[in-house]
Amino acid sequence: MKGPEVRAILERHGVRGLHHANSVKTSCSLLEIGGLASRQIVEQRGLPQSVQYTDALDQQLGVWGDIFLDTVDIHSRISNINLYGPVLFTFDLDFLDDLDEETRVLITRSNPTRWKTTTSHEDRYFADADRLDEGFSAGDFNQMLVIRTPTKVIKFSDKLDRIVLDYPSLNKDAEEIFDKAQHALVRSLGKSLVGTDVIRRHCRINCKCGATYEASSARTQYFEV
Ligand SMILES: [Zn+2]
């Protein structure tokens, strides 16, 4: 499917924006590239990139060169951390209108972490616009956007709405962890001349992210620069 076609369906289902979560380190690399890039491109350009729990599987499944976006802010939806990292890039739906001719947008029917190498294309993705319209469920974060573009990079240009950074509130060094991460992101933003802000996430009162970050040093490592 092409971007504008997908946009129309998402809009009809009440989706207002697109989101991409990542670690601070990888996000700085994306800002230096000046766009959302597949993990393959970040690696090929020799830029820093955090290890993700899905890396090996992504390579086996043939999606290492794809760009993934969510139609919901998962952190806000589940009141807990996003496993891909504390940085959230948010985009307006216009993002889908300006993709170039050869770029294809696919929507997953189930979470790729549950796929096997033998999972067929039909089982992985909605086949066409009609089936997407019928099967799409707003808020279901197993239904992810997969963007397949020849360059494997989508420039931010003016489509990046804002960057939201988590605050690991229960950590005794929360302020220092947050400030360092924010400074690194702002520095990379300056290099790429992308005009947007890095703002602190404001969670719901019952959000469990602080406790999760506190319980897992592997998760706070995603703030490392
Ligand atoms: Zn939270």
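Since the structure is predicted, the reported quantities are computational estimates derived from the model, not experimental observations.

Focus: the sheet that holds strand E8 (residues 160-165)
Part 1 of the reasoning: On the basis of which strands lie adjacent, the open sheet formed by 4 strands has the order E1-E4-E8-E9 and mixed pairing. Each edge of the sheet is formed by a strand with only one pairing partner; in this case those strands are strand E1 (17-22) and strand E9 (198-200). Averaged over all pairs of adjacent strands, the angle between their axes in this sheet comes to 30 degrees, without regard to strand direction.
Part 2 of the reasoning: Bridge analysis of E8 against E9 gives 3 bridges, and the strand direction is parallel. Looking at E9, one finds that Leu-165 is bridged to Arg-200.

So, the environment of Thr-113
Part 1 of the reasoning: Position of Thr-113 relative to the elements: it lies in the loop between strand E5 (104-107) and helix H6 (121-124).
Part 2 of the reasoning: For Thr-113, a relative accessible area of 34% corresponds to the partly exposed category.
Part 3 of the reasoning: Between the alpha carbons of Thr-113 and Lys-180 there is a distance of 31 Å; along the sequence they are 67 residues apart.
Part 4 of the reasoning: Discounting residues that sit within four places of it in the chain, Thr-113 has contacts with Tyr-53, Thr-54 and Leu-57.

Some remarks on the coordination of the zinc ion
Part 1 of the reasoning: Within the protein, the zinc ion binds to His-75 (NE2), Cys-203 (SG), Cys-207 (SG) and Cys-209 (SG); these donor distances fall in the range 2.1 to 2.3 Å.
Part 2 of the reasoning: Each donor residue of the zinc ion lies on one chain, and together they are spaced H-x127-C-x3-C-x1-C.
Part 3 of the reasoning: Owing to a relative accessible area of 37%, Cys-203 belongs among the partly exposed residues under this scheme.
Part 4 of the reasoning: According to the relative accessible area criterion, Cys-209 is buried, its value standing at 3%.

Focus: the environment of Phe-223
Part 1 of the reasoning: By the element assignment, Phe-223 lies in the segment after helix H10 (217-220).
Part 2 of the reasoning: The exposure class of Phe-223 is buried, given its relative accessible area of 3%.
Part 3 of the reasoning: Through-space distance from the C-alpha of Phe-223 to that of Leu-61 is 28 Å; in sequence the pair is 162 residues apart.
Part 4 of the reasoning: If sequence neighbours within four positions are ignored, Phe-223 has contacts with Val-24, Pro-86, Leu-165, Asp-166, Pro-168, Ile-177, Ala-181 and Tyr-213.

Details of empty space enclosed by the protein
Part 1 of the reasoning: Scanning the entire structure with this criterion turns up 3 cavities of 30 Å³ or more.
Part 2 of the reasoning: The wall of the largest cavity is formed by 25 residues, among which His-20, Arg-39, Asp-58, Phe-68 and Tyr-84 lie closest to the centre.
Part 3 of the reasoning: Elements with a minimum of two residues in the lining of the largest cavity: E1, helix H2 (24-33), helix H3 (39-44) and strand E3 (67-69).
Part 4 of the reasoning: Here the lining of the largest cavity is built from residues that sort into 12 nonpolar, 9 polar and 4 charged.
Part 5 of the reasoning: Empty space within the second largest cavity amounts to approximately 40 Å³.
Part 6 of the reasoning: Residue composition of the lining of the second largest cavity, by class: 4 nonpolar, 3 polar and 3 charged.

About the criteria used
Residues numbered from 1 in each chain as written. Predicted model: local features only at pLDDT ≥ 70, side-chain atom pairs only at ≥ 80, totals over all residues. Heavy atoms only, no water. Pairing = 2+ DSSP bridges. Helix = DSSP H or I, 4+ residues; strand = E, 2+ residues; numbered from the N terminus. Axes fitted to C-alpha atoms, helices over the stretch in contact; angles between N-to-C directions. Buried < 20%, exposed > 50% of the residue type's maximum accessible area, 1.4 Å probe, protein only. Contact = heavy atoms within 4.5 Å. Donors = N, O, S within 2.8 Å, 3.2 Å for Na, K, Ca; no water. 1 Å grid on protein atoms, 1.4 Å probe; cavity = no way out; pocket = protein on both sides within 12 Å on 5 of 7 lines; lining within 4 Å. Points joined across faces, edges and corners; volume = space filled by probe spheres on them. Nonpolar A, V, L, I, M, F, W, Y, C, P; charged D, E, K, R; others polar.

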